[in-house]
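Reading the structure
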Amino acid sequence: MCSIVSLQEQLHEEQQQQLDQSNAATYSNTTNDVWNYVVFVSFVVISALIPIRKRLCRRSTNSKSKQDYVFGAGHISTLAMMLSIARGTLGVISVLGYPSEFFYRGSAMWESLYGVITAYPIVCFVFIPVYFDLGITSVYQYLELRFNSRLVRCLASGTYILRTLLSLGVTIYTPTVALNTIIGVPYWVSLLSITIISIFFNALGGLKAAVAADVIQSLSMTAMLVGIIIYCAVTVGGVDKILTISSENDRFAFFNFAADLHLRVTTTSAWLGELFNSLSLLGCQQNFVQRYLSMPTFSQIRRTLMLNIPVVILLFSLPWFVGMAIYAIYWHCDPLKASVIAKMDEILPYFMVDRFDNVPGVWGIFVGTLFNGALTLNISNINSLATVTWEDFLSLIPALRKKSDKHQLNVIKLVGTIYAVVIMGVGFIVGLLSGVIESSMLIISATSGPLLGVFVLAMFIPFANWKGAAMGMIASHLSILWIVVGRLLESNVSDTLLETSIEGCYADLMEAQKNASLLVVTLDEGINVVETSDLLNRIYSITYMYYGVFGTVLTVLAGIVISLATWSSHDQYNMKMLHPAVRWLYSRCPFSGKHFGSFEVATSGGPTNKETIPKC
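The shown structure was predicted, so the numbers you read here are calculated from the model rather than taken from an experiment.

Attention now moves to the state of the cysteines. With the rule as written, the count across this model stands at one disulfide. With a sulfur-sulfur separation of 1.9 Å, cysteine 333 is cross-linked through a disulfide to cysteine 505. Note on the cysteine 333 and cysteine 505 pair: the S-S dihedral is about 115 degrees, so by sign convention the disulfide is right-handed. You can see cysteine 333 sitting in the loop between α14 (298-330) and α15 (347-356) and its partner cysteine 505 sitting in the loop between α20 (466-489) and α21 (507-525), a full 172 residues away along the chain. The same class applies to cysteine 333 and to cysteine 505, which are both buried.

Our next topic: unusual backbone geometry. Here aspartate 250, not a glycine, exhibits a phi torsion of approximately 60 degrees, which is positive. Turning to its location among the elements, aspartate 250 is positioned in the loop between α11 (239-248) and α12 (267-284). The exposure class of aspartate 250 is exposed, given its relative accessible area of 58%. Residue phenylalanine 255 is not a glycine yet carries a positive backbone phi of 60 degrees.

Turning our eyes to something else, we now look at the environment of leucine 168. Looking at the element boundaries, leucine 168 is found in helix α8 (residues 150-183). Look at leucine 168 and you get buried, because its relative accessible area is 4%. Residues leucine 168 and leucine 377 lie 209 residues apart in sequence; the distance between their C-alpha atoms is 7.8 Å. In this structure leucine 168 touches Leu377, Asn378, Asn381, Leu385 and Ile423, once residues within four positions along its chain are discounted.

This brings us to the pattern of salt bridges. Counted by the stated rule, this structure contains eight salt bridges. Close ionic contact of lysine 337 with glutamate 499 constitutes a salt bridge, the shortest N to O distance being 3.2 Å. On the criterion of sequence distance, the pair formed by lysine 337 in the loop between α14 and α15 and glutamate 499 in the loop between α20 and α21 is long-range, its members being 162 residues apart. Assessed through its relative accessible area of 62%, glutamate 499 is described here as exposed. With a closest N to O distance of 3.6 Å, aspartate 354 and arginine 355 form a salt bridge. Assessed through its relative accessible area of 38%, aspartate 354 is described here as partly exposed. Among the charged side chains, a salt-bridge network with shared partners connects Glu144, Arg150, Arg153 and Asp392.

Attention shifts here to a nonpolar patch on the surface. Judged by side-chain polarity, Tyr114, Val239, Leu243, Phe252, Phe254, Phe255, Phe257 and Trp271 come together as a nonpolar surface patch covering roughly 770 Å² of accessible area. Mapped onto the secondary structure, phenylalanine 257 falls in the loop between α11 and α12. According to the relative accessible area criterion, phenylalanine 257 is exposed, its value standing at 57%.

Turning to the packing of α14 against α15, a few remarks are in order. Following both chains from N to C, one finds α14 and α15 inclined at 55 degrees, their axes separated by 11 Å at the closest point. With respect to α15, the element α14 is oriented oblique. Seen from above, α14 lies across α15 with left-handed handedness. When α14 is examined against α15, the residues Val322, Ile326, Ile329 and Tyr330 are found in contact with a partner set consisting of Ile347, Leu348, Tyr350, Phe351, Asp354 and Arg355. Grouping the constituent residues of the contact of α14 with α15 by class yields eight nonpolar, no polar and two charged.

Definitions and cut-offs
- Residues numbered from 1 in each chain as written.
- Predicted model: local features only at pLDDT ≥ 70, side-chain atom pairs only at ≥ 80, totals over all residues.
- Heavy atoms only, no water.
- Disulfide = S-S within 2.5 Å.
- Helix = DSSP H or I, 4+ residues; strand = E, 2+ residues; numbered from the N terminus.
- Buried < 20%, exposed > 50% of the residue type's maximum accessible area, 1.4 Å probe, protein only.
- Contact = heavy atoms within 4.5 Å.
- Salt bridge = Lys/Arg side-chain N within 4 Å of Asp/Glu carboxyl O.
- Patch = residues over 30% accessible without salt bridge, like charges linked within 9 Å, V, L, I, M, F, W, Y side chains within 5 Å.
- Areas by Shrake-Rupley, 256 points an atom, 1.4 Å probe, with all protein chains shown as cover.
- Axes fitted to C-alpha atoms, helices over the stretch in contact; angles between N-to-C directions.
- Parallel < 35°, antiparallel > 145°, perpendicular 65-115°, else oblique.
- Left-handed = near helix turned anticlockwise from the far one by under 90°.
- Nonpolar A, V, L, I, M, F, W, Y, C, P; charged D, E, K, R; others polar.

By themselves these figures say nothing about function.
Structure representation (structure tokens):
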């Protein structure tokens, strides 16, 4: 009898110990969650208030002008502008996407950095000299001055607005997934929060506040990525161990110059494709050109862009090093293959949960950085969208054009607020319909080439006219759109991942992987593949890395042919719109002054090359 009582007491004590441990764990998790919330909210609030602190403190005495809102009135430091421009190459999608790209596909896409680096000097010495002395506010105003056509200007600016709205919808939706998965914040709360803060910035900030927010985001994201690399290096036994594990498992794939257009990425396609995309982004997109033109002298622009190259190399490469470091942790136990995560882009959030769940505040910093990354991109682009809309569309309305500078600024801010709400709506749609993500990527792929192509026509083709430019853009849009849609709907494009292992996983994860494999087999049996002709299938399966190249070439070729066929005396323009080198060459060509493009061939009484460039 005594032994039974003793056994019952022992069991009771063990149950009590387990209960105490469970309560302690629950208390610890609750405490950690509180810290994560506090750190997350504090990080976002501080990051949002610092850029506009002076505006808040001196609101009554500092009245911001339209010029200050759009260009920062020339008071933005070179270092801040460098980080802001470089920030455009390191978005939230790249922070989550590049580590998973390295983990599951290797380093091939890393070589797109070559294209980014090559684009900087081209933009600096080819595009900027044409823009700088024209006194323009919208980069698309240049197209109207060159082609004497509001249609070409509206096609370019409308394309930019549509592409930016859709891409920003995807951008602001990205951190909401992490917030919902990790902290449990509903999607609508995250989207509404980003929108409200963006509207607040848009009303009080302007370009200067957007640049300051970019600086904060660049520094915080860099610190977070460096911290992850240091942790992984210490965990696995050094940086050399990280490199060795990646090398032994075939993760390094550099200098593949294969000429096959159907390979997903090679050294050639990575460099050439990214070069054309970066030229379209850095040289023809309003939010970047707006930053260049906010600087007072061309020498400062040149210095900023050239010094920015090593900064871009660092910011672009950091996520790849993070992918390499995470692979060194999970190379023997792939969370995706073990069905712990559903998508490969979740590898970095999973790493943060797996390794730092018991460290108070770490999750808050990580999610806060992602949230702030989407927020700053939204703020920067809203400023540019509102500026383009005013300059290219609303300023045509006589009633608005006659308003004072203060009223014009209020209209621009109102337009920015409307865009913030529209972007939030796109974010909601992304959450409901997964196809919207593909649609936004389709728009981006289909517009990079046409935008770059129309600027090439304007700067380098003396006999290009508005009819050739407009039809070239339209033809390029439709052609690339057709290829992308065909790729998504009908082509069986190979998207194989590199081999991963689950030998180091636990038994329960192995069982989960087995069940997931059975599910995949079952799903695969129900998929019907649409058959297409061999020629169409080969066209559709061309790697998307070349879409920007094809779009640019098609725009230029179509523009040249149509311009030659339709040139008339009404298409004459001021030759100062061409690049200086092209003007020099053109003046020495056999047909100079005889056939195309120069006011030298105008009828008597017409304008001359020496006339002042008209303002819109």
